[in-house]
Amino acid sequence: MPEQSDPPLTDCPPWCEKPAGHDWEDLWRDGLIRYHGWWRNVDSSRFHKIGVEEIEQHTCDGTRRQRNVVLDVEAPTEWSINVAIEGMAVIAEAISIASTGLTAEHVAEVR
């Protein structure tokens, strides 16, 4: 397990909505973690959200990051056509944000 006394903080992604320099939030087996996030409600509902979440982890081997697009809705969820169109626009924006800075090798790896 890495030294946990005072690990360095890296810069937040430009889309992170948390305060700049926010601290480590939890300790996992391989090291401290913190979450970076960007979230949008769909149809003004607090129960239907689409976002980008990145987990940053401080490990013995350095900092690791895992970025995901997250669809957070109640299941099952029925959306009207207008809400579905709004959701489509929000998820397109989330995908654009999440893919910023990815290399061609990483994108090919995902496919």
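Residues numbered from 1 in each chain as written. Predicted model: local features only at pLDDT ≥ 70, side-chain atom pairs only at ≥ 80, totals over all residues. Heavy atoms only, no water.

Draft legend 1. Highlighting the overall build of the chain. The helix and strand inventory of the chain stands at 2 helices and 4 strands. Ordered by position from the N terminus, the helices and strands of the chain form the series β-β-β-β-α-α. Put simply, of all contacts in the chain between residues at least 6 apart along the chain, 47% involve residues at least 24 apart. (Helix = DSSP H or I, 4+ residues; strand = E, 2+ residues; numbered from the N terminus. Contact = heavy atoms within 4.5 Å.)

Draft legend 2. Quick peek at a nonpolar patch on the surface. On the surface, Ile-81, Ile-85 and Met-88 cluster together into a nonpolar patch covering about 340 Å² of accessible area. Given a relative accessible area of 66%, Ile-81 falls into the exposed group. (Patch = residues over 30% accessible without salt bridge, like charges linked within 9 Å, V, L, I, M, F, W, Y side chains within 5 Å. Areas by Shrake-Rupley, 256 points an atom, 1.4 Å probe, with all protein chains shown as cover. Salt bridge = Lys/Arg side-chain N within 4 Å of Asp/Glu carboxyl O. Buried < 20%, exposed > 50% of the residue type's maximum accessible area, 1.4 Å probe, protein only.)

Draft legend 3. Geometry of the sheet that holds strand β1 (residues 26-28). Sheet architecture is open: 4 strands sit in the order β1-β2-β3-β4, paired in antiparallel fashion. Two strands lie at the open edges of the sheet, namely β1 and β4 (62-72), each paired on one side alone. Here the strands of the sheet are splayed against their neighbours by 30° on average, with no regard to which way each runs. Two strands pair when backbone bridges link them, and strand β2 (residues 31-41) and strand β3 (residues 49-59) are joined in this way by 9 bridges, in the antiparallel orientation. (Pairing = 2+ DSSP bridges. Axes fitted to C-alpha atoms, helices over the stretch in contact; angles between N-to-C directions.)

Draft legend 4. Region of interest: the state of the cysteines. Counted according to the given criterion, the structure contains 0 disulfides. Free cysteine: Cys-12, not disulfide-bonded; nearest cysteine sulfur from Cys-16 at 4.3 Å. (Disulfide = S-S within 2.5 Å.)

Draft legend 5. Expanded view of the pairing of β2. Of the pairings in the sheet, the one linking β1 to β2 comprises 3 bridges and is antiparallel in character. Of the residues in β2, the one forming a bridge with Asp-26 is Ile-33.

Draft legend 6. Spotlight on the pattern of salt bridges. If you walk through the whole model with that rule in mind, you get 8 salt bridges. Lys-18 is the partner of Glu-25 in a salt bridge, and the nearest nitrogen-oxygen pair spans 3.0 Å. Relative accessible area serves as the criterion here: at 32%, Lys-18 is assigned to the partly exposed category. One salt bridge connects Arg-65 with Glu-54, and the closest N-O pair in it is separated by 2.3 Å. In this pair, Arg-65 sits in strand β4 while Glu-54 sits in strand β3, placing the two residues 11 residues apart along the sequence. When its relative accessible area of 1% is taken as the criterion, Glu-54 is described as buried. Shared partners join several salt bridges into a network, and the residues in it are Arg-34, Glu-54, Glu-56, Arg-65 and Arg-67.

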